[in-house]
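Residue-level structure breakdown
For reference, the chains in residue letters:
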Amino acid sequence: MKAVVLVGGEGTRLRPLTSTTPKPLLPIAGRPLVERQLLWLAAHGVDEVVLSLGYLPDAFVEHFPGNEFASMRLIYAVEQEPLGTAGAIRFAAEQAGIEERFVVCNGDVLTTLDLRAFVEFHLEHGAAATIHLSQVVDPSALGVVPTYDDGEVKAFIEKPAAGTAPSNWINAGTYVLEPEVLERIPPALATSIERETFPRLLEDRGRLYALATDDYWLDVGTPEKYLEAHADVLGGRIGSSPVPDAREEAPGVWVQGDVDLASEASLEAPVLIGEGVAVAAGARVAGSAIGAGSSVGPDAVVDRSVLLTGVRLARGALVRESILGIDAVVEEGASVLDFSIVGAGANVPAGTTLTGDRVPVAAPAG
Ligand code: GTP
């Protein structure tokens, strides 16, 4: 079976991390989000994936040399202008010559949905399109999709005002489509599948179904969700080991390769310590992922946070519920708190405190 994976968005809510790295290539506990998604597709029998690209496309081509991953063939469909979710699906399908039933997924979704059972449901109902639904506590920023008992879609309610949604089952961003749906999407025009194509299909009584499941599901779109994804992967909610080459040195303490951990440092599970990481005496790392080659100085604290690769924390630095980009530096005694993001190579000066701030990527030297 073929799949189109939508990975062309700019990921604006995760800037400045996404200023240099497209969202699907950001690591989730040491493994890029898109790799986790491709492995999930491969495990459910997908053998060819079209990566629907627009923003920073070369990063994907470089990441997957040989146009192959997990024994699946990879095809790149690069848009010159953003085509929105529907336009991108049509363009990708045309580029790859897809003429049969296929799967589509948003490239920022982490899920354990049983894709085979999902396709089976689609076939049993003779649907033109089937949408995966997931239940959330607050659907007010999402697309709510009420259905009849047999799964036929009743309506689309985009971003319902708080307290008005008829249910909290939302469009979870994985679809099975028959090729006839492609004909409903105008070529070379930016259109949205969730806001335009599906509602039109519903109006035309076009056999639109949805399957609600309670599988693990997370849309990794915001700093809060990015940190939540780490907590879930490190906490074993998706698989037993966060990343294949990690060894569990104590319950929930995962380590990759050679590391330099002071015996007077405290590691509180779940944590992932990447290859070449140094953690100095008196430092504390709790519920966090520390990327390869990073160093955590004496008495520094990293709490429920993510450090990408090559990050340096000086003595007494505090990082809590925040994300530090590649080669970022937090100087002595500085604090980075409350969903702050520090861009690649940026410097947080000694003694300063960031609270929910975004520090741009460092300008290139010279
Ligand atoms: P934000 O800018 O933070 O909203 O993130 P985003 O760019 O990822 O947008 P959004 O979360 O709404 O997109 C859902 C999925 O569709 C993501 O996997 C995007 O990469 C993808 N996507 C959004 N717009 C486009 C587009 O115009 N072309 C392609 N190829 N993919 C898109």
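Rules behind the numbers
Sequence positions are assigned chain by chain, starting from 1 and proceeding in written order. It should be noted that, the model being predicted, local features are given only for residues of pLDDT at least 70 and side-chain atom pairs only at 80 or more, the latter also being counted only at that level, while totals for whole chains, interfaces and linings use all residues. The basis for the side-chain values is all heavy atoms of the structure; hydrogens and waters are excluded. For this document, the term salt bridge refers to a Lys or Arg side-chain nitrogen within 4 Å of an Asp or Glu carboxyl oxygen. Numbering of helices and strands runs from the N terminus; a helix is a DSSP stretch of H or I covering at least four residues, while a strand is a stretch of E covering at least two. Burial classes follow relative accessibility: with a 1.4 Å probe on protein chains only, a residue under 20% of its type's maximum area counts as buried, one over 50% as exposed, and anything between as partly exposed. Strand pairing is assigned whenever DSSP detects at least two bridges linking the two strands. A fitted line through C-alpha atoms serves as each axis, taken over the contacting stretch for helices, and the angle formed by two N-to-C directions is quoted from 0 to 180°. Put simply, buried Ala, Val, Leu, Ile, Met, Phe, Trp, Tyr and Cys residues joined by side-chain atoms within 4.5 Å make one nonpolar core. By definition, residues are in contact when any of their heavy atoms lie within 4.5 Å.

Throughout the structure, instances matching the rule amount to 17 salt bridges. Measuring nitrogen to oxygen at the nearest pair gives 3.0 Å for the salt bridge that ties Arg-73 to Glu-48. Separated by 25 residues along the polypeptide, Arg-73 in strand 6 (residues 72-78) and Glu-48 in strand 4 (residues 48-53) bring together distant segments of the chain. Judged by its relative accessible area of 48%, Arg-73 falls in the partly exposed class.

Right, let's get into the sheet that holds strand 18 (residues 266-268). If you trace the six strands from one edge of the open sheet to the other, you get 18-21-24-27-30-33, paired in parallel fashion. Here the strands that pair on one side only, and so sit at the sheet edges, are strand 18 and strand 33 (353-355). Direction aside, neighbouring strands of the sheet carry axes that sit 5° apart on average. Across three bridges, strand 30 (residues 335-337) lies against strand 33 in parallel orientation. Bridging across to strand 33, Leu-337 finds its partner in Thr-355.

Among the nonpolar cores identified, the biggest contains 30 residues, and Val-4, Val-50, Ile-89, Phe-102, Val-104, Leu-177 and Phe-198 are the most heavily contacted of them. Every element with two or more residues in this core is listed here: strand 1 (2-6), strand 6, helix 4 (84-96), strand 7 (102-106), strand 9 (129-135), strand 12 (169-177), helix 6 (193-203) and strand 13 (208-212). Setting aside residues no more than four positions away along its own chain, Val-104 makes contact with Val-4, Leu-6, Ile-89, Gly-173, Thr-174, Tyr-175 and Leu-177. Val-5, Trp-40, Val-49 and Leu-53 belong to the second largest nonpolar core, which has 29 residues in total.

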